[in-house]
Amino acid sequence: MKYIFLITFILFVVFNSSDSYSECKDYINKRGDSFWYHEIVNSTSVIDDNETERFWKTSSDVNNCYISSQKEINDPTLRFLGYLNALWKLSERLDTYSLFKIKQLTGIEFSSSEQMQNWLRENRGNLFWSFERNKMILLKGGFTCRGVKPAAGTTYWKKLALKSLDNMDTSSTQRLWRDKHNHSNCYITSLESINNKYDRLSGYNEAINSIISDNDGKLKVDSKVNEIFENVAGISGKDFKSYEQFVAWLSCFKAQ
């Protein structure tokens, strides 16, 4: 299916001579970080986007077009890697263009390549690309994600209720977070799912079940359980008379 789409796209380009991208002589697969690297270093132009792939080219290469998967283009880890590599490349020669792009990425003005490279070496482990602030920032604890996996709102609320979640960054549509006890496990969840009442209550139900499972089938009431109890009462409008009633209602809710 992928090759059928590629052939169709190439034919479209070839037979539409008015399209400035008909000059592309070859189509090369590139990982998502390459797109973000070139966006900064050379500037990129998107030829076409579909649900699975992006076709693009750079201002420095008039002969070739590139293909990257949308999954990789939208992976915060690869975007971070592309920008980080771009910073190293720009630091080699701080001309007017490089200084402008570096300030665009970091908000910092550097006076020399040596100063810029020293800053990169010193802070590389703590750098993070924030889609909330749209620039590279210094992140407490460093950006240690080995990759970013999608996660449902139910999982987000379960982890949050169990106090095992660190929020990292939030855009207008999604939130990046990581396991509080293992910073290499990172996830991204849509705000639509996070704000969904059903997903939130389902997450609380899974958290309660996890607590019960860890305590030989009994509900051990602590600060986490009390907080879940209060949140569920507030969301549902129920006046629970006991923890047993609260747990039973959550279980019925999940079963619906």
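Refer to the preceding data block for the structure.
Residues numbered from 1 in each chain as written. Predicted model: local features only at pLDDT ≥ 70, side-chain atom pairs only at ≥ 80, totals over all residues. Heavy atoms only, no water.

Caption draft 1: Examining the sheet that holds strand β8 (residues 165-170) more closely. Here we have four strands laid out as an open sheet, ordered β7-β10-β9-β8, and mixed in their pairing. Taken across any chain shown, the strands that pair with only one partner, and hence form the sheet edges, are β7 (147-150) and β8. Pairwise comparison of adjacent strand axes, ignoring direction, gives a mean angle of 30° for this sheet. In terms of strand pairing, strand β9 (residues 174-179) meets strand β10 (residues 182-190) through six bridges, oriented antiparallel. Counted as the bridge partner of Arg175 is Thr189 from β10. Here helix α7 (residues 153-161) sits on the sheet and contacts β8, β9 and β10; the angle it forms with β9, its principal contact strand, is near 45°. (Pairing = 2+ DSSP bridges. Helix = DSSP H or I, 4+ residues; strand = E, 2+ residues; numbered from the N terminus. Axes fitted to C-alpha atoms, helices over the stretch in contact; angles between N-to-C directions. Contact = heavy atoms within 4.5 Å.)

Caption draft 2: Geometry of the environment of Arg121. Secondary-structure assignment places Arg121 in helix α6 (residues 113-123). Sequence separation of Arg121 and Trp88 is 33 residues, and the distance between their C-alpha atoms is 9.7 Å. In terms of polar contacts, Arg121 uses its side chain to reach the side chain of Asn118, at 3.3 Å. (Polar contact = N/O pair within 3.5 Å; in protein donor to acceptor, adjacent residues only side chain to side chain.)

Caption draft 3: Representation of the sheet that holds strand β1 (residues 26-29). The strand order β1-β4-β3-β2 describes an open sheet built from four strands, whose pairing is mixed. Looking at which strands have only one partner, the edges of the open sheet turn out to be β1 and β2 (44-49). The mean angle between the axes of side-by-side strands here comes to 30°, regardless of whether they run parallel or antiparallel. Both β2 and strand β3 (residues 53-58) contribute to a ladder of five bridges, which runs antiparallel. Paired with Asp48 across the two strands is Phe55, which belongs to β3. Of the strands in this sheet, β2, β3 and β4 (64-69) touch helix α2 (residues 32-41), which is tilted by about 35° from β3.

Caption draft 4: Up close: the nonpolar core. Formed by 35 residues in total, the largest nonpolar core has its most connected members in Met136 and Met168. The element that contributes the greatest number of residues to this core is helix α4 (residues 76-91), accounting for six residues. When neighbours within four sequence positions are excluded, Met136 is seen to be in contact with Phe80, Tyr83, Leu84, Leu87, Leu105, Thr106, Leu127, Phe128 and Trp129. Counting 25 residues, the second largest nonpolar core, distinct from the first, contains Trp177, Tyr187, Val232 and Ala233. (Core = buried A, V, L, I, M, F, W, Y, C linked by side-chain atoms within 4.5 Å. Buried < 20%, exposed > 50% of the residue type's maximum accessible area, 1.4 Å probe, protein only.)

Caption draft 5: How the structure looks around the packing of aromatic side chains. Counted according to the given criterion, the structure contains 19 aromatic pairs. Taken together, a centroid distance of 6.0 Å and an interplanar angle of 75° make the contact between Trp129 and Phe131 edge-to-face. Pair check on accessibility: Trp129 and Phe131 agree, each one buried. Every member of this aromatic cluster is reached through a ring pair, and the members are Phe35, Trp36, Trp56, Tyr66, Tyr83, Trp129 and Phe131. Above the ring of Phe35, the side-chain terminus of Arg54 is found at 4.9 Å from the ring centroid. (Phe/Tyr/Trp six-rings, centres within 6.5 Å; stacked < 30°, edge-to-face > 60°. Lys NZ or Arg CZ within 6 Å of the ring centre and 35° of its normal.)

Caption draft 6: Structural detail: the state of the cysteines. Tallied over the full model, the rule gives two disulfides. There is a disulfide in this structure between Cys145 and Cys186, and the S-S distance comes to 2.0 Å. Every disulfide takes its handedness from the sign of the S-S torsion; for Cys145 and Cys186 that torsion is -85°, giving left-handed. Pair noted here: Cys145 is in the loop between β6 (135-138) and β7 and Cys186 is in strand β10, with a separation of 41 residues, a long-range link. Taken N- to C-terminal, the disulfide-bonded cysteines of the protein are connected 1-2, 3-4. (Disulfide = S-S within 2.5 Å.)

Caption draft 7: Local environment of the pattern of salt bridges. What the rule picks out here adds up to seven salt bridges. Its salt-bridge partner being Asp33, residue Arg31 comes within 2.8 Å of it at the nearest N-O pair. With a relative accessible area of 10%, Asp33 lands in the buried category. A salt bridge links Lys89 to Glu92, with the shortest nitrogen-to-oxygen separation between them at 3.5 Å. What makes Lys89 partly exposed here is its relative accessible area of 39%. (Salt bridge = Lys/Arg side-chain N within 4 Å of Asp/Glu carboxyl O.)

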